[in-house]
Amino acid sequence: MQIYWTKINKIIEETPEVKTYMLDCPEGFTWEEGSHTHFALAGFNAGEKPNRSLIRHMSISTLPHENSIGITTRIREKCSEFKTILRNLEVGSEVAIFKTHSNVPLKRENKNVYLLSSGVGLATFRPIVLDYFESADNVNQIHSLNIDSSKNYLFADIFETSADKKFTSQFVDNRKDYYEQVKNLAADKDGLFYIVGSDEFLVQNMEILREMGIKSEQLMLDKRKDMLDDFLTSVYEKEMLENTK
Ligand SMILES: Cc1cc2nc3c(=O)[nH]c(=O)nc-3n(C[C@H](O)[C@H](O)[C@H](O)COP(=O)(O)OP(=O)(O)OC[C@H]3O[C@@H](n4cnc5c(N)ncnc54)[C@H](O)[C@@H]3O)c2cc1C
């Protein structure tokens, strides 16, 4: 496993609680849209075993041509040791990234794509949307729906509805509106549904989509294949059991 040590070159205050850490691209490091990485702080590998409290999974919120690796995260006042350290890092501080992979690349299958996210989950979708803006080949249209109770909506310059680009962006600040809209979107029985958020959020979305007749093959979740199968089965086996009654 190759560990890439790199430096923070810019810190963007996206909202009062959300920051994007821009990292220099180490030589030979590349990624595709929808990627996540292991983001680690100095000292994580100083002992015999890696110190997990200094490592977090993070999506990469930029594309390679932006020439920086973007890591977007929410840092609340009460936060973990990891975020307490991160909050105090400055431009020039060293961090590490390793094991980078995309489970959710943009599928170009001539379908409508729905991006469902909660809060900073939108960071995973930013490069997917940019990739689509660069080339809409074999994608019918994209619709993003994000719920953020803080009402400080992220990446508003990119997540802006545009009829020309066949792109719709919706932000809501409460669950009632959010799930009502998910049901509306699920009227498209042939769409592809990407979901990013906490496990609880994924399950709630999947249950609604399943009830609306969306098949597990139409879902894209940021999970490894083995974990994905367990996850899908946990929601969709109910359907299988119901069908065998
Ligand atoms: C594939 C994948 C991609 C991901 N991508 C991203 C990403 O792009 N951006 C991102 O931010 N996260 C991402 N995550 C989640 C990320 O890995 C972390 O789990 C998440 O950011 C929470 O970080 P944290 O554990 O440091 O806790 P925090 O964010 O600090 O805290 C989590 C919650 O616990 C509470 N809490 C924590 N410590 C305390 C305390 N001492 N006292 C009281 N309350 C406390 C906080 O208020 C908060 O509500 C991703 C996860 C996966 C699996």
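Everything quoted here is computed from the prediction, not taken from an experiment.

**Q** Help me understand the domain arrangement of the protein in this model?
**A** A common way to express how large an interface is: the accessible area buried when the components associate. Domain annotation for the protein reports domain 1 (4-101) and domain 2 (111-244). A separation of 25 Å is found between the C-alpha centroids of domain 1 and domain 2. The interface is formed by 18 residues belonging to domain 1 together with 16 residues belonging to domain 2. In total, domain 1 and domain 2 occlude about 1,400 Å² of area from one another, counting both sides; carbon and sulfur atoms represent 57% of this. On the domain 1 side of the contact with domain 2, Glu33, Ser61 and Arg74 bury the most area, a combined 30% of that side's loss.

**Q** How should the site of the ligand be read in this particular structure?
**A** Near the ligand lie 15 residues; those nearest to it are His57, Thr72, Thr73, Ser80 and Lys83. Note that an oxygen atom of the ligand is positioned 3.0 Å from one of the backbone N or O atoms of Ser59. Measuring from an oxygen atom of the ligand, one finds a side-chain N or O atom of Lys83 at 2.8 Å. Here the ligand has 950 Å² of accessible area as a free molecule, and 57% of this is covered by the chains. Because more than half of its atoms lie within 2 Å of the grid, the ligand is assigned to the largest pocket. Secondary structure elements with two or more residues in the shell around the ligand: strand 4 (55-59) and strand 5 (68-74). Ranked by residue count, the leading element in the shell around the ligand is strand 4, at four residues. Considered class by class, the residues forming the shell around the ligand number three nonpolar, six polar and six charged.

**Q** When you look at the layout of surface pockets in this model, what are you seeing that I'm missing?
**A** Summary: where empty space remains is shown by rolling a probe the size of a single water molecule over the atoms. Quantified by volume, the largest pocket comes out at close to 1,700 Å³. Taken together, 50 residues form the lining of the largest pocket, with His57, Met58, Ser59, Gly197 and Ser198 sitting closest to its centre. A per-class count over the lining of the largest pocket returns 17 nonpolar, 18 polar and 15 charged. In this structure, the second largest pocket occupies an estimated 170 Å³ of space. If you go around the second largest pocket, the residues you meet are Asn103, Lys107, Ser216, Glu217, Leu219, Met220, Leu221, Lys223, Arg224, Lys225, Leu228 and Leu232. Secondary structure elements with two or more residues in the lining of the second largest pocket: strand 11 (219-221) and helix 5 (225-244). Classifying every residue of the lining of the second largest pocket gives five nonpolar, two polar and five charged.

**Q** Help me out: how do you make sense of the environment of Val91 in this one?
**A** Within the secondary structure, Val91 is located in the loop between helix 1 (81-87) and strand 6 (94-102). Classification of Val91 as exposed rests on a relative accessible area of 54%. Sequence-distant contacts of Val91, that is, excluding residues within four places in its chain, are made with Ile8, Asn9, Lys10 and Ile11.

Analysis parameters
- Residues numbered from 1 in each chain as written.
- Predicted model: local features only at pLDDT ≥ 70, side-chain atom pairs only at ≥ 80, totals over all residues.
- Heavy atoms only, no water.
- Domains from an automatic or database assignment.
- Contact = heavy atoms within 4.5 Å.
- Buried area = accessible area lost by both parts, 1.4 Å probe.
- Near = heavy atom within 4 Å.
- Polar contact = N/O pair within 3.5 Å; in protein donor to acceptor, adjacent residues only side chain to side chain.
- Areas by Shrake-Rupley, 256 points an atom, 1.4 Å probe, with all protein chains shown as cover.
- 1 Å grid on protein atoms, 1.4 Å probe; cavity = no way out; pocket = protein on both sides within 12 Å on 5 of 7 lines; lining within 4 Å.
- Sits in = over half its atoms within 2 Å of the grid points.
- Helix = DSSP H or I, 4+ residues; strand = E, 2+ residues; numbered from the N terminus.
- Nonpolar A, V, L, I, M, F, W, Y, C, P; charged D, E, K, R; others polar.
- Points joined across faces, edges and corners; volume = space filled by probe spheres on them.
- Buried < 20%, exposed > 50% of the residue type's maximum accessible area, 1.4 Å probe, protein only.

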